[in-house]
Amino acid sequence: MPIRGCPFTSSGGTFFRPHLNIRITNPHTGDNSRAYGVVDTGADKCAIPASYAPILGHNLTAVQSDVAGTASGETETYPHTSLI
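Residues numbered from 1 in each chain as written. Predicted model: local features only at pLDDT ≥ 70, side-chain atom pairs only at ≥ 80, totals over all residues. Heavy atoms only, no water.

### Structural notes on the overall build of the protein chain
Rule in force here: Helix numbers and strand numbers start at the N terminus; a helix is a DSSP run of H or I with at least 4 residues, a strand a run of E with at least 2. Residues are treated as being in contact if the distance between any of their heavy atoms lies within 4.5 Å. For the accessible areas, the method is Shrake-Rupley and the probe is 1.4 Å, while residue cover comes only from the protein chains on display.
Scanning the protein chain from terminus to terminus reveals one helix and five strands. Secondary structure elements in the protein chain, listed N-terminal to C-terminal, are β-β-β-α-β-β. Sequence-distant contacts in the protein chain: of pairs separated by 6 or more residues, those separated by 24 or more amount to 29%. Of the roughly 6700 Å² that the protein chain leaves accessible, carbon and sulfur atoms contribute 54%.

Okay, here's the thing in structure tokens:
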């Protein structure tokens, strides 16, 4: 399947990755924000930086945390419902 409308860009390094312009929305409040999403075809879930939580009206500590494995090790996560 050809990739269309998904430009490959570099974030200052030598690696070029496909990215998408996205809007992240909290379906419970309607709060939203635009962002760049990096396409990771090997990911099982979407991850959004914690700095977006207040913008989207999410309280990170209101849910039970979880642990996710990443390429650089394990990290603590806080699952919330969002639309992308």
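### Observations regarding the environment of P27
On the secondary structure map, P27 appears in the loop between strand 2 (16–25) and strand 3 (32–38). Linking P27 and S82, residues 55 residues apart in sequence, is a C-alpha distance of 6.1 Å. Apart from the residues within four sequence positions on either side, P27 is in contact with T81, S82 and L83.

### Quick notes on the layout of surface pockets
The test is simple: Site definitions follow a grid-based scheme: protein atoms alone, a 1 Å grid, a 1.4 Å probe that fits but cannot get out for cavities, and for pockets an open set with protein on both sides within 12 Å along at least five of seven lines, plus lining residues having an atom within 4 Å of a point. Grid points are joined across faces, edges and corners, and a volume is the space filled by probe spheres set on the points. Gly is put with the polar residues, along with every residue not named as nonpolar or charged; the nonpolar set is Ala, Val, Leu, Ile, Met, Phe, Trp, Tyr, Cys and Pro, and the charged set is Asp, Glu, Lys and Arg.
Estimated volume of the largest pocket: approximately 1500 Å³. Taken together, 39 residues make up the lining of the largest pocket; nearest its centre are K45, C46, A47, I48 and P49. If you list the elements that add at least two residues to the lining of the largest pocket, you get strand 2, strand 3, helix 1 (53–56), strand 4 (66–70) and strand 5 (73–77). At five residues, strand 4 tops the list of elements feeding residues into the lining of the largest pocket. Per-class residue counts for the lining of the largest pocket are 23 nonpolar, ten polar and six charged.

### Focus: the pairing of strand 5
Here is the rule: Any two strands between which DSSP finds at least two bridges are classified as paired.
Pairing analysis gives five bridges linking strand 4 to strand 5, with the strands arranged antiparallel. Along strand 5, the bridge assignment pairs A68 with T75. Between strand 4 and strand 5, which follow one another and run antiparallel, lie two residues.

### Description of the confidence of the model for the protein chain
Quick reminder of the rule: A residue's pLDDT is the predictor's confidence in that residue, given on a scale from 0 to 100.
For the protein chain, mean pLDDT is 82; residues scoring 70 or higher make up 83% of the total. Considering each helix and strand of the protein chain separately, the mean pLDDT is smallest for strand 1 (residues 8–10), with a value of 67, and largest for helix 1, with 92.

### As for the environment of A53
In this fold, A53 is placed in helix 1. Placed 27 residues apart in sequence, A53 and N26 show a C-alpha to C-alpha distance of 9.4 Å. Residues within four places of A53 in sequence aside, it is in contact with H58 and L60.

### A word on the environment of S65
So the rule is basically this: Pairs of N or O atoms are called polar contacts if they sit within 3.5 Å, as long as, within protein, a hydrogen donor faces a hydrogen acceptor (for residues adjacent in sequence, only side-chain-to-side-chain pairs).
With respect to the helices and strands, the residue S65 is situated in the loop between helix 1 and strand 4. Separated by 14 residues in sequence, S65 and P79 place their C-alpha atoms 7.1 Å apart. A distance of 3.0 Å separates a polar atom in the side chain of S65 from a polar atom in the side chain of E76.

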